[in-house]
Amino acid sequence: MNPKNYMEEAVFSVMDEVLHGMDICTCEKCMTDIAAIALNNLSPKYIASERGKLYSKVNILMQQFKVDIITAITKAAGIVKMNPRHGENKLSY
């Protein structure tokens, strides 16, 4: 197994739930931007084995870990909502 940032999997696993009910564009570009901004504001959690993957899955159940992810996604959604890039070729934030 190659090293992988498990935080990516964790963000994508809760992103739909967090964004549900928010007035936010859900096109692929906006969703990718939200994930990228959130991930840049979270500490990476690299794993290199199945045992590490299992540990990380247990870790996501910890309340503060999930709260940090939800907070990062919510903040990122606000940034993207104010500066959507769909239809543009340049960064606007």
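Residue positions are given per chain, counted from 1 along the sequence in the order it is written. In view of the model being predicted, local features appear only for residues whose pLDDT reaches at least 70, and side-chain atom pairs are presented and counted only at 80 or more, with totals across whole chains, interfaces and linings using the full set of residues. Values reported for side chains reflect all heavy atoms of the structure, with hydrogen atoms and water molecules removed beforehand.

## Observations regarding the overall build of the chain
So, step 1. Secondary structure elements are defined from DSSP: runs of H or I of at least 4 residues count as helices, runs of E of at least 2 residues count as strands, and each element is numbered from the N terminus. Along its length, the chain carries four helices and two strands.
So, step 2. Its helices and strands in sequence order give the chain the pattern β-α-α-β-α-α, from N to C terminus.
So, step 3. By its C-alpha atoms, the chain is 40 × 25 × 20 Å across when sized along the principal axes.
So, step 4. Taking the contacts inside the chain whose residues are at least 6 apart along the sequence as the reference set, 77% of them involve residues at least 24 apart. The contact criterion used throughout is that any non-hydrogen atoms of two residues lie within 4.5 Å.

## Here we look at the pattern of salt bridges
Side-chain pairing between opposite charges can occur once the charged atoms of the two side chains come close.
So, step 1. Salt bridges are identified by distance alone: a Lys or Arg side-chain nitrogen within 4 Å of an Asp or Glu carboxyl oxygen. For the structure on display, the rule yields three salt bridges.
So, step 2. For Lys 4, the salt bridge goes to Glu 9, with nearest N and O atoms at 2.9 Å.
So, step 3. Residue classification places Lys 4 among the partly exposed positions, given a relative accessible area of 34%.
So, step 4. Across the pair Lys 81 and Asp 23 runs a salt bridge, and its minimum N-O distance is 3.7 Å. Residue Lys 81 is located in helix α4 (residues 63-82), and its partner Asp 23 is located in the loop between α1 (6-19) and α2 (28-40); the two are separated by 58 residues in the primary sequence. A simple rule labels every residue: compare its accessible area, found with a 1.4 Å probe on the protein chains alone, to the largest value its type can have, and call it buried under 20%, exposed over 50%, or partly exposed in between.

## A look at the packing of α1 against α2
So, step 1. Angles run from 0 to 180 degrees between N-to-C directions of axes, and those axes are lines fitted to C-alpha atoms, restricted for helices to the stretch in contact. One way to put it is that α1 packs onto α2 with a least axis distance of 10 Å and a crossing angle of 125°. As the angle between them shows, α1 and α2 are arranged oblique. As α1 runs across α2, the sense of the crossing is right-handed. Note on element contacts: α2 touches α1 through Met 31, Ile 34, Ala 35 and Leu 39, opposite Met 7, Glu 8, Val 11, Phe 12, Met 15, Asp 16 and Leu 19.
So, step 2. When the residues that make up the contact of α1 with α2 are grouped by side-chain class, the tally is nine nonpolar, no polar and two charged. An angle counts as roughly parallel when it lies under 35 degrees, as roughly antiparallel when it exceeds 145, as roughly perpendicular when it falls between 65 and 115, and as oblique in every other case. Take the far helix as your reference; a near helix turned counterclockwise from it by less than a right angle gives a left-handed crossing, and one turned clockwise gives a right-handed crossing. We call Asp, Glu, Lys and Arg charged. Ala, Val, Leu, Ile, Met, Phe, Trp, Tyr, Cys and Pro are nonpolar, and the rest, Gly among them, are polar.

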